[in-house]
Amino acid sequence: MQTAATVATKTRILPAGPAAIADTARTLRAGGLVAFPTETVYGLGADASSGEAVARLYAAKGRPAFNPLIAHVADPATARKLATFNDDAARLAAAFWPGPLTLVLPRATGCPVSELATAGLDSIALRVPAHPVSLDILRAFGGPVVAPSANLSGHVSPTSAHHVAADLQGCIDLIVDGGPSPVGVESTIVACLGEPSLLRPGGLSRADIEAVLGKRLAQAAETNDDAPLAPGMLESHYAPRSRVRLNVASVGKDEALLAFGVPLSGAAVTLNLSADGSLVEAAANLFAHLRSLDSMSHSGIAVMPIPNEGLGEAINDRLIRAAAPRPHNPNQRS
Ligand code: TXA
Ligand code: MG
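Computed from a predicted model, the values in this text were never measured in an experiment. (Residues numbered from 1 in each chain as written. Chains lettered and ligands numbered in written order. Predicted model: local features only at pLDDT ≥ 70, side-chain atom pairs only at ≥ 80, totals over all residues. Heavy atoms only, no water.)

(A) Structural view of helix α4 (residues 87-96). If you check which residues of α4 are buried, you get Asp 88, Ala 89, Leu 92, Ala 93 and Phe 96. For α4, the buried positions fall inside an angular range of 130° around the axis, keeping them on one side. Facing away from the buried side of α4, by more than 90 degrees, are the exposed residues Asp 87 and Ala 94. Tucked into the core, α4 has its buried residues touching β5 (101-106), β9 (188-191) and α7 (206-213). For α4, the capping residue at the N-terminal end is Asn 86, with a side-chain oxygen 3.3 Å from the backbone nitrogen of Asp 88. (Buried < 20%, exposed > 50% of the residue type's maximum accessible area, 1.4 Å probe, protein only. Helix = DSSP H or I, 4+ residues; strand = E, 2+ residues; numbered from the N terminus. Arc of directions from axis to C-beta. Contact = heavy atoms within 4.5 Å. Polar contact = N/O pair within 3.5 Å; in protein donor to acceptor, adjacent residues only side chain to side chain.)

Written out as structure tokens, the structure is:
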């Protein structure tokens, strides 16, 4: 497990509102780190053009520097100054920004985002978030803000201010509390470097994207160096300490059950992603339920099958990572 930042800071937690927005913009300008709500998950923001602020951010998360960050901007016009948009990218930006979509594009010459933030790549990941608090912060700050999910590297992403505090209290300057993240899984990442390809399933479904493009998205694994995988997806991420079993048809009496639809009976404890079988509700509950179950005492987490359509693709992607064996993780329960 990664350890948190080396520099201890007093972390303030403020409710979203004009005072918090002004404080956030001031803190970002001073090179500080601020966690704030987006519609997908909470982000940990830093001034994208300050190498020093970005270095502080990597340290606070314990994130390897080869893993690049997403630059968040207030509107598509600002995004266009940072990268080159081909026709597919322009169509996707027009259809889905602001929203839970990140585009990986060729970095524009003169792009002010720190090379450290893009890990020295020729490409840059851009997103215009839809959450009103994110947009207020981006407008008040007036420049690009890099923001990975506001968790320690390798942990489950945070969907509440409380989750952020559990990982990063004392390591960052400010947390803006805007309530639970409504989408609940991270943005979908599409590379538009050649033919568009899906680097990470997320809060916008593949079907919605393909409908706008009028063609299929290539799978990152099928592509070559023109569309590399999102480097952050190569590691074992979303790692609860508990052992996780997927697609279960029965559950042990000492196991915790993560249910979907009508729950199986007999578990030690049950949390339901969505009793109605709604994938939207399930995505919104996923990370909070995983964190809750992981904090309880049981022999492991058993997960019922989730249909692999719509947001189900992102949910299953995160669950498969959560279930991946981590033989070198001393914190994982057997
Ligand atoms: O919903 C989200 O996207 C959240 C909120 C806060 O916006 N952010 C987020 O950031 O999930 P992070 O850093 O946890 O995940 C970003 C992913 C990583 O897997 C990273 O490797 C990938 O994006 N990425 C960033 N720049 C890239 C690039 N130029 N090429 C390929 N992948 C890139
Ligand atoms: Mg992350």
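(B) Looking closely at the sheet that holds strand β13 (residues 256-259). Spatial ordering of the open sheet is given by β12-β15-β13-β14, a layout of four strands whose pairing is parallel. Of all the strands in the sheet, the pair left with one neighbour each is β12 (244-245) and β14 (269-272). With four bridges connecting them, β13 and β14 associate as parallel partners. In the sheet register, Leu 258 faces β14, and the bridge partner there is Leu 271. (Pairing = 2+ DSSP bridges.)

(C) Representation of helix α8 (residues 279-294). The terminal C-alpha atoms of α8 lie 21 Å apart, and with 16 residues this matches the ideal 22 Å at 1.5 Å per residue to within 8%. Considering bend angle alone, the principal kink of α8 is centred on Leu 286 and spans about 45°. Those residues of α8 lying buried are Leu 279, Ala 282, Ala 283, Leu 286, Phe 287, His 289, Leu 290, Arg 291, Leu 293 and Asp 294. Tucked inside the fold, the buried residues of α8 contact α6 (161-168), β13, β14, β15 (301-303) and α9 (312-323). Residue Ser 278 occupies the N-cap position of α8, its side-chain oxygen lying 3.4 Å from the main-chain nitrogen of Val 280. (Expected span 1.5 Å × (residues − 1). Bend = angle between axes of the 7 residues up to and from the residue.)

(D) Highlighting the nonpolar core. Phe 85, Leu 103, Leu 126 and Ile 172 are the most contacted members of the largest nonpolar core, which has 50 residues in total. For this core, the elements supplying multiple residues, two or more each, are β3 (43-47), α2 (51-61), α4, β5, β6 (123-127), α6 and α7. Per-element tally for this core: the top contributor is α2, with five residues. Leaving out residues up to four positions away in the same chain, Phe 85 has contacts with Ala 79, Arg 80, Ala 90, Ala 93, Trp 97, Leu 103, Leu 105 and Leu 126. Counting residues in hydrophobic clusters, the runner-up holds 24 residues, among them Leu 273, Leu 290, Ala 314 and Ile 315. (Core = buried A, V, L, I, M, F, W, Y, C linked by side-chain atoms within 4.5 Å.)

(E) Highlighting empty space enclosed by the protein. Counted under the stated rule, the structure contains two cavities of 30 Å³ or more. Looking at the second largest cavity, its volume works out to about 30 Å³. Along the walls of the second largest cavity sit Thr 188, Leu 198, Pro 201, Gly 202, Leu 204, Ser 205, Arg 206, Gly 310, Glu 313 and Ala 314, which together make up its complete lining. (1 Å grid on protein atoms, 1.4 Å probe; cavity = no way out; pocket = protein on both sides within 12 Å on 5 of 7 lines; lining within 4 Å. Points joined across faces, edges and corners; volume = space filled by probe spheres on them.)

(F) Inspection of the sheet that holds strand β11 (residues 218-219) at higher detail. The sheet built from eleven strands is open, its strands ordered β1-β8-β2-β3-β7-β4-β6-β5-β9-β10-β11 with mixed pairing. Looking at the sheet topology across the chains shown, the edges are occupied by β1 (12-15) and β11.

(G) Local environment of the packing of aromatic side chains. Within the structure shown, the criterion is met by one aromatic pair. Geometrically, the ring pair formed by Phe 85 and Trp 97 is edge-to-face, given 6.1 Å between the ring centres and 80° between the ring planes. With Phe 85 in the loop between α3 (76-80) and α4 and Trp 97 in the loop between α4 and β5, this pair connects stretches of sequence that are twelve residues apart. Between the NZ or CZ atom of Arg 80 and the centre of the ring of Phe 85, over which it lies, the distance is 4.8 Å. (Phe/Tyr/Trp six-rings, centres within 6.5 Å; stacked < 30°, edge-to-face > 60°. Lys NZ or Arg CZ within 6 Å of the ring centre and 35° of its normal.)

(H) Quick peek at the layout of surface pockets. Empty space within the second largest pocket amounts to approximately 250 Å³. Lining the second largest pocket are twelve residues, with His 155, Asp 167, Arg 241, Arg 291 and Asp 294 sitting closest to its centre. For the lining of the second largest pocket, the elements supplying multiple residues, two or more each, are α6 and α8. If you tally residues by element for the lining of the second largest pocket, the top one is α8, at three residues. Looking at side-chain class alone, the lining of the second largest pocket contains six nonpolar, two polar and four charged residues. (Nonpolar A, V, L, I, M, F, W, Y, C, P; charged D, E, K, R; others polar.)

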